[in-house]
Amino acid sequence: MSQPLHKDYAGAKLGMWLFLFTELILFGGLFLLYAIYLARYPQEFTAGGRELNVLFGTANTVILLTSSLLAAMAVTAIQRDDRRTAQVLLWGTVLCASVFMVNKYLEWTAKIGHGIYPNSPRLAAGPPGESVFFSLYYLTTGLHGLHVLIGATLLTCVAARVKRGSVHAGDYVLLENGALYWHLVDLIWIFIFPLYYLIL
Amino acid sequence: MNPELLTTTQQAVDPVFMFIFGACLVLLVGITAAMVWFVVRYHRSRAPEPTSQAEGNLWLEIVWTVLPTVLVLAMFYYGWAGYLALRNVPRGALEVTATARTWSWSFTYANGMTSPRLFVPVGKPVLVNLVSLDVLHGFYLPAFRVKRDAVPGMKNHAWFVAPKAGSYDLFCSSYCGVGHSAMITTVEALPEAEFAAWLQQGRSGEHPGKKLLEKHGCLVCHSLDGSRKIGPTFKGLFGSRVRVLVEGTLITVTADEAYLKESIIKPAVKVVEGFPPIMPVVPDLKDEEIEALVEFIEGVK
Amino acid sequence: MSPAEQPHMATSSFWNDTGRTGIAAWIFSTDHKRIGLLYFYSVLGFFLTGVVLGLLLRIELMAPGRTIMGPQSYNALFTVHGVVMIFLFIIPGFPGAFGNLIMPIQIGSRDVSFPRLNLFSWWLYIIGAVIILTSLFTGGGTPDTGWTFYVPFSARTGTNVSLAVFGVFIIGFSSILTGVNFVTTIHRLRAPGMTWGRLPLFVWSLYATAWVQILATPILGITLVLIFAERVLGTGLFDPGRGGDPLMFQHLFWIYSHPAVYIMILPAMGVISEIIPVFSRKPVFGYKMIAFSSLAIAAAGSLVWGHHMYTSGMSDTAILVFSFLTFVVAIPSAIKVFNWVSTLYKGSISLEAPMLFALSFILLFSIGGLTGLILGAAATDIHVHDTHFVVGHFHYTIFGGAGFAFFAAMHYWLPKFYGRRYAEKPAIVAWGLMFVGFNITYFSMMVLGMKGMPRRYYDYLPEFAPLNLVSTIGSWLLAAGLVLLLVNLFRGLFRGAPFEGNPWRGASLEWTVPTPPPTENFAEEPVVTHGPYDFKGIGIP
Ligand code: HEA
Ligand code: HEA
Ligand code: CUA
Ligand SMILES: [Cu+2]
């Protein structure tokens, strides 16, 4: 009914950037807590960091970086109006996402197997800082995982629309914004990885 | 405002109130007067046409940016100075520990004496260390303009001086649940000598169970005179038949010693009909203490 | 509100020109005016709910001891009252209702940048509201934490807090999307000639508000997630027993909730900056300063949250800084007040209902704000913190400020969308009743606070009894006034005298479109040639 007649790309982009900004702040809250509790329990945090499996972490980092690359390539592809490649690349991204999630699943089950999960007897027995560290770990990675799922779903829809042709060289702002969102998901992980796995 | 020269906390705070209230009153009256005057003078009936199209005036803007700034900075400084006075405790203050729990206060003195009311000597600064056993509570003495939260797992303190003998209200200012507004007691300011005497002999005349009831705040929820509070009364409880819920099923039991003991140690097991299962368990209760409690409750006829 | 009841309105308007009528054409409409009205009626509904709860609170406090309810119900009641008023009424109220109705027209646009997102925001708001309402009647019973959800209590209480915070979380999401939408709209969809310097001050204030919504609300989001996790997963991040720190929660909560108070007041200030010049027939005084001070408030306001925590045990240095910044934010508000008052000078003032509400806004907000200075000073706040003085303060700012501005906006703008107007005399009587009742109700609360009556007290000592009775009686006057106001306004909108053209001679764009406006507002894109308060410019003598 009352859509603005012309499509306003700059507007759509601006809106997306603002939204990504709010997502960053959302995680910002958790990083804030991390910083403060790190200052309070430095050794418990380092100890906790060592508990985490750097291999999984690194693997997932590589996977996400690749997926981001693919997403970016999908954008350039669509600009060249090469919808087939764009689709393939998008599916590639989604594949990376699912691999990432599988890794996360394995990693978490392993941890829970070792009796490390919020409110677990083991953590309750351990030093206070330890339980704080792992609670933060689960919350942050959990929330990030949720964003991975959302991003993947989004990109799937975009891929479908590319297939249908409603996203094409003439009008690909949807794909661009989808890719932007995916870069955000990637970016946040780039913060999480060193903070939790490599404990600086 | 050199805190050393202060004798009471009121003297640190009240002048700040006077100053800020005064300044605000002047501003408010001024603004209102101007507003009313303009409305009357330039009402359409008197001024059918606007007689000015002024869109602003740089100098005015500067004036009413700078003046308020100066004013609020004065308020800020004065308020901060007063706050500092509330913070640094005079040397040689009498130290008392206030323990807050839902929903009662208990005050412990250096010599181990405990009391549900805060007895203090007149004219001597008192340092109160605040401890909370469960949720946030607030230690609030309106008469002395003193307030500080009791935060679980955190060291907080407040200090005050009672200028003259008498009884002053002590409120819990920080919301803590059903009994929040019932979590009130008093500061009892006694002349030095009387206080010393009180601190020594305490109220040794009393049954130890009674003291424990007060110490652990039982009397916040339980009355001794038959009146219904948050929990059932203790009056005539012993030997009476009580309808209780055990895992949701109603049964009738006789309130014998065993029952009383259980109700104190594991209140959640048998929950009296018509009451919420909110009775807190008091940790670290020694057996003889429980004995004493039960013995006393039995005595409440 | 169907156009059928608007006979003289046969001319096409957003009520009927799309041919789409009936409920579905409203709840699925993407027209900013229809969405605006959806918001308006939803927030009004919640306002009335909250207000009745407020009335009940007063009745309970009428006399010491149990009056009409027990402590548990009282605690639940002020919690729901606070949550409804803050999250369901005043925060979505201005941007959602009047922002949507007016802003696009004032900037000369057909609609907002993302009309579908706009509709989605409303749906999120309704869903969140429904979840909150469900939480009142299910689970362990109505939440009893106070609207501040302080831990450890909120993590322990058996009541249905988890569901409630989830509802609030969704509302927050809706608020964020509205913010994103408005910032984009104001950047992208201004008509030719609508320079930033010609933006009506209401739009400026919405712009500042939108930024606060974008920057602050995510923190609320994560805070609520954390309570939820604390309760459901037992993460223990705020549990001292496991190394957590309850104060961290208070910081996170206020990092949002102080800026939130500016979400409530900034648009209200915008409304006042629209009404005062129009009813004085004189350009607003100090346009630039008023516009700028809105941004200043938004910016500085995000750095003062600690003033809610002076007694919490936060470090003294922190208190020094927060107290200082608190006084700094007061200055832009001062600037606004002085400019509004100067606008009256040498004008030609007519005291119609919107103007009366606007003028009383200045007084009431000033009282609220000045008492804010008492609270901002460390020494004095220690005494009045968590007493009814604070309750008085924020009712003066929220209800006397934002609330009265909302009533002003209702009388000023709604006739434009209905083509009919309220009757003047009853409106003025209603205003009088509310103004008097308001001051009786809340001034007594401030005195009570000074005397030391803590807030959230179900029962109180006898020495507080007289003033509590006075306050309660005042709330009945207030109630009477509000009922009269609503009855008169809505009778007018549906049955009242026709409202056409530009009776108040406003110079901003909403007065140039037909009454009621057609769906896309402007037949062809307007070209703006004069400022929003240039009454000469539109040839008004
Ligand atoms: C619309 C909402 C709103 C607004 C606009 C404000 C505005 C202000 N508020 Fe308020 N406030 C609340 C809503 C609001 N507040 C709420 C809801 C709470 C309680 C939360 C809870 O605990 O439940 C609260 C609590 C609160 C506290 C914590 C009290 C406590 O719990 O101990 C403090 C402390 O500093 C404070 C300060 C201020 C200040 C300095 C302003 C300033 O912005 C005011 C600026 C305005 C003026 C100064 C008046 C106008 C100017 C003049 C008349 C000219 C002359 C002025 C000068 C010379 C400076 N507020
Ligand atoms: C927008 C914000 C807003 C508004 C408008 C109000 C309005 C009112 N509030 Fe307030 N209030 C808050 C926000 C608000 N409140 C908040 C945030 C708190 C803190 C909660 C907490 O501590 O967590 C609070 C707390 C609070 C308390 C303190 C509770 C305590 O600490 O113990 C009290 C006590 O009197 C109170 C009373 C009132 C009254 C009498 C009104 C009056 O406005 C009501 C006047 C009555 C009417 C105007 C009713 C007339 C209308 C009708 C009768 C409708 C007719 C019915 C239909 C048509 C359906 N409120
Ligand atoms: Cu203890 Cu309120
Ligand atoms: Cu604040």
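Residues numbered from 1 in each chain as written. Chains lettered and ligands numbered in written order. Predicted model: local features only at pLDDT ≥ 70, side-chain atom pairs only at ≥ 80, totals over all residues. Heavy atoms only, no water.

**Re the interface of chain C and chain A**
Which entries qualify depends on this criterion: Contact between two residues is taken to exist if any of their heavy atoms lie within 4.5 Å; hydrogens are not considered. Each of two parts loses accessible area, computed with a 1.4 Å probe, when they are put together; buried area is these two losses added. The salt bridge definition used is simple: a Lys or Arg side-chain nitrogen within 4 Å of an Asp or Glu carboxyl oxygen. Contacts described as polar in this section are N or O atom pairs within 3.5 Å, which, within protein, must combine one atom able to donate a hydrogen with one able to accept it, while residues neighboring in sequence count only if both atoms come from side chains. To qualify as a helix, a DSSP run of H or I must reach at least 4 residues; to qualify as a strand, a run of E must reach at least 2; elements of each kind are numbered from the N terminus. All amino acids are sorted into three groups, where Ala, Val, Leu, Ile, Met, Phe, Trp, Tyr, Cys and Pro are nonpolar, Asp, Glu, Lys and Arg are charged, and the leftover types, Gly among them, are polar.
Facing the 44 residues of chain C at the interface are 34 residues of chain A. Summing both partners gives a buried area of about 3,300 Å² for chain C against chain A, and 72% of it is carried by carbon and sulfur. Considering only the side of chain C, the residues that lose the most area to chain A are Ile-222, Leu-237 and Arg-242 of chain C, jointly responsible for 17% of the buried surface there. Put simply, chain C and chain A have two salt bridges between them. One salt bridge connects Arg-188 of chain C with Asp-8 of chain A, and the closest N-O pair in it is separated by 3.0 Å. Inspection of the chain C/chain A interface yields seven residue pairs in polar contact (both at pLDDT 80 or more). Put simply, the parts of the chain that give the side of chain C that touches chain A at least two residues each are helix H4 (115-137), helix H6 (161-188), helix H7 (201-232) and helix H8 (246-280) of chain C. The element best represented in the side of chain C that touches chain A is H7 of chain C, accounting for nine residues. Of the residues belonging to the side of chain C that touches chain A, the class tally is 23 nonpolar, twelve polar and nine charged.

**Side note on the packing of aromatic side chains**
Quick reminder of the rule: Each aromatic pair joins two rings of Phe, Tyr and Trp (for Trp, the six-membered one) with centres within 6.5 Å, and gets the label stacked for planes under 30 degrees apart, edge-to-face for over 60, and tilted for any other angle. Throughout this description, buried means an accessible area under 20% of the type-specific maximum (1.4 Å probe, protein chains only), exposed means over 50%, and partly exposed covers the range between. Over a ring means this: the NZ of a Lys or the CZ of an Arg is within 6 Å of the ring centre and within 35 degrees of the ring normal.
Tallied over the full model, the rule gives 98 aromatic pairs over all chains. Note on Phe-193 of chain A and Tyr-197 of chain A: the rings are 5.5 Å apart at their centroids and 35 degrees apart in plane angle, and the pair reads as tilted. Of the two residues, Phe-193 of chain A and Tyr-197 of chain A both sit in helix H7 (residues 173-198), four residues apart, roughly one turn of that helix. Taken individually, Phe-193 of chain A and Tyr-197 of chain A each receive the classification buried, so the pair is uniform in this respect. Taking the centre distance of 5.5 Å and the plane angle of 85 degrees together, the rings of Tyr-418 of chain C and Phe-494 of chain C count as edge-to-face. Linking Tyr-418 of chain C in helix H13 (residues 388-418) with Phe-494 of chain C in helix H15 (residues 465-495), this pair joins segments that are 76 residues apart in sequence. Judged by its relative accessible area of 17%, Phe-494 of chain C falls in the buried class. In this structure, Arg-228 of chain B packs its charged tip against the face of Phe-275 of chain B, placed 4.3 Å from the ring centre. We note Arg-190 of chain C situated over the ring of Trp-196 of chain C; from NZ or CZ to the ring centre the distance is 4.2 Å.

**Overview of the confidence of the model for chain A**
Keep this limit in mind: pLDDT runs from 0 to 100 and stands for how confident the predictor is about each residue.
The predicted model of chain A has a mean per-residue pLDDT of 89, with 96% of residues at 70 or higher. Confidence over residues 1-5 of chain A falls short of pLDDT 50; this stretch has 21 contacts with residues more than four positions distant or in other chains.

**Concerning the site of ligand 1**
Rules: Here, proximity means that at least one heavy atom of the residue falls within 4 Å of the molecule or strand.
Ligand 1 sits among 34 residues. The nearest are Tyr-262, Asp-381, His-385, His-393 and Arg-455 of chain C. Proximal residues around ligand 1 fall on chains B and C, making this an inter-chain site. At a separation of 3.3 Å, an oxygen atom of ligand 1 approaches a polar backbone atom of Gly-376 of chain C. Between an oxygen atom of ligand 1 and a side-chain N or O atom of Asp-381 of chain C, the distance comes to 2.5 Å. Mapped by element, the contributors of at least two residues to the shell around ligand 1 are helix H1 (10-41) and helix H2 (58-87) of chain B together with H8, helix H10 (316-344), helix H11 (353-376) and H13 of chain C. Broken down by element, the shell around ligand 1 gets its largest block of residues, eight residues, from H11 of chain C. Residue classes in the shell around ligand 1 are distributed as 21 nonpolar, eleven polar and two charged.

**Concerning the sheet that holds strand S1 (residues 94-101) of chain B**
Backbone hydrogen bonds are what pair the strands of a sheet, in a parallel or an antiparallel way. Residue and element names in this part refer to chain B. Here is the rule: The pairing criterion for strands is at least two bridges between them, as found by DSSP.
Within the open sheet, the five strands sit side by side as S3-S2-S1-S5-S8. Their pairing is mixed. The outermost strands of the open sheet, each flanked by one partner alone, are strand S3 (114-115) and strand S8 (156-160). With seven bridges joining them, S1 and strand S5 (residues 126-132) adopt parallel strand pairing. Bridging from a neighbouring strand, Ala-98 pairs with Leu-130 of S5.

**Topic: the interface of chain C and chain B**
On the chain B side, the residues contacting the 88 residues of chain C number 72 residues. Of all residues in chain C, Phe-338, His-383 and Tyr-457 of chain C give up the largest surface area on contact with chain B, accounting jointly for 9% of the area buried on that side. Between chain C and chain B we count one salt bridge in total. The tally of links between chain C and chain B comes to 25 residue pairs in polar contact (both at pLDDT 80 or more). Secondary structure elements with two or more residues in the side of chain C that touches chain B: helix H3 (71-106), helix H5 (153-156), H8, helix H9 (287-300), H10, H11, helix H12 (378-384) and helix H14 (424-451) of chain C. Ranked by residues supplied to the side of chain C that touches chain B, first place goes to H10 of chain C with 15 residues.

**Comments concerning the coordination of the iron atom of ligand 1**
Residues and elements named next belong to chain C. Cut-off, in case you're wondering: Because water is not among the atoms used, a metal site may look incomplete, as its donors are only the N, O and S atoms within 2.8 Å, or 3.2 Å for Na, K and Ca.
Just one protein atom donates to the iron atom of ligand 1; it is His-393 (NE2), sitting 2.2 Å from the metal. A separation of 4.5 Å is found between the iron atom of ligand 1 and the copper ion (ligand 4). As for its position among the elements, His-393 is in helix H13.

**Considerations on the site of ligand 2**
All names here are of chain C. As a matter of local geometry, ligand 2 sits amid 31 residues, with Tyr-74, His-81, His-395, Tyr-442 and Arg-456 nearest to it. Between ligand 2 and Tyr-442, the relevant distance is 3.4 Å, taken from an oxygen atom to a side-chain nitrogen or oxygen of the residue. Between ligand 2 and Arg-455 there is a distance of 3.1 Å, counted from an oxygen atom to a side-chain nitrogen or oxygen. Sorting the residues of the shell around ligand 2 by element identifies helix H2 (32-61), H3, H13, H14 and H15 as the ones contributing at least two each. Taken together, the residues of the shell around ligand 2 sort by class into 21 nonpolar, seven polar and three charged.

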